[in-house]
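Below, each chain spelled out in residue letters.
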Amino acid sequence: MPELDNSQAHGPDAPMVSEASAAPAGDVAADGSDAAVVRTGPGLDLEAWKGDLQRLHGTIDQVVQSFISGQTRQLDAVAAELASQRERIVLKEQRFATLSDSIAGFVEEEAKRLEACGIELNDPEADARHEAYDAELPGPPALHRINRLWRKGTRA
């Protein structure tokens, strides 16, 4: 009958024990104790095994550090892009506000010209009511002012 080594008989995680190396019950080990004598097989080099574990540990450390480094670079790139987008949005909002103020100034000048021609556009009570309503709407106030003046001008 062919002999199986311990790893074939009990799985790869079992310690290497040859049939001849385990002392039968009642035998005395070399140091005089009753414990069974366990010897490693001829192909197992504990120092090489320890070295392999240390290299594995070092490799895992490098992989984890590389992963963290890559994720950090990616997050930095995303943060830089978000900051750039925020700056562009702020600039667009400033340009929109400037344009809105410019258009509002033009519409107000036109409203003054209409009033100078005798067309009444100024109704303080209606203006207060419309301003209160417009204050609740989203968007820049200049846009609402333009809209109010435009409505007044078109009604006149």
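Residue positions are given per chain, counting from 1 as you read along its sequence in written order. Given that the model is predicted, a residue must reach a pLDDT of at least 70 before its local features are reported, and side-chain atom pairs must reach 80 or more before they are shown or counted; all residues, however, enter totals for whole chains, interfaces and linings. Only heavy atoms go into the side-chain values, all of them from the structure, while hydrogens and water stay out.

A. Representation of helix H3 (residues 124-135). Per the convention used, a helix needs a DSSP run of H or I reaching at least four residues, while a strand needs a run of E reaching at least two, with both numbered from the N terminus. Working rule for helices: expected span equals 1.5 Å times residues minus one. Between its terminal C-alpha atoms H3 stretches 16 Å, which fits the 16 Å expected from 12 residues at 1.5 Å a residue. For this analysis, residues touch if any pair of their heavy atoms sits within 4.5 Å. Turning to H3, the residues buried within the fold contact helix H4 (141-155).

B. Looking closely at the side chain of Ser-100. As for its placement among the helices and strands, Ser-100 is situated in helix H2 (residues 46-116). Type-normalised accessible area, obtained with a 1.4 Å probe on protein chains alone, sets the label of each residue: buried when under 20%, exposed when over 50%, and partly exposed for intermediate values. Residue class for Ser-100 comes out buried when judged on its relative accessible area of 4%.

C. The environment of Pro-141, seen in detail. Positionally, Pro-141 belongs in helix H4. Under the relative-accessibility criterion, Pro-141 is labelled exposed at 63%. It is 9.2 Å that separates the C-alpha atoms of Pro-141 and Asp-101, two residues lying 40 residues apart in sequence.

D. Seen up close, the nonpolar core. What is meant by a nonpolar core is a set of buried Ala, Val, Leu, Ile, Met, Phe, Trp, Tyr and Cys residues, joined one to another through side-chain atoms within 4.5 Å. Membership of the largest hydrophobic core is limited to 6 residues, which are Ala-104, Val-107, Ala-111, Leu-121, Ile-146 and Leu-149. Every element with two or more residues in this core is listed here: H2 and H4. Ranked by residues supplied to this core, first place goes to H2 with 3 residues. Discounting residues that sit within four places of it in the chain, Leu-149 has contacts with Ala-104, Val-107, Glu-108 and Ala-111.

E. Looking closely at the pattern of salt bridges. We count a salt bridge whenever a side-chain nitrogen from Lys or Arg sits within 4 Å of a carboxyl oxygen from Asp or Glu. Applying the stated criterion to the full structure yields 4 salt bridges. A salt bridge links Arg-55 to Asp-52; its shortest N-O distance comes to 2.1 Å. Here Asp-52 and Arg-55 lie together in helix H2, a separation of 3 residues that amounts to about one turn. We classify Arg-55 as exposed; its relative accessible area is 53%. Residue Asp-52 is classed as partly exposed on the basis of its relative accessible area, which comes to 41%. Notably, a salt bridge pairs Glu-81 with Arg-88, separated by 3.5 Å at the nearest N-O pair. Its relative accessible area of 38% is what places Glu-81 among the partly exposed residues. Judged by relative accessible area, which is 41%, Arg-88 ranks as partly exposed.

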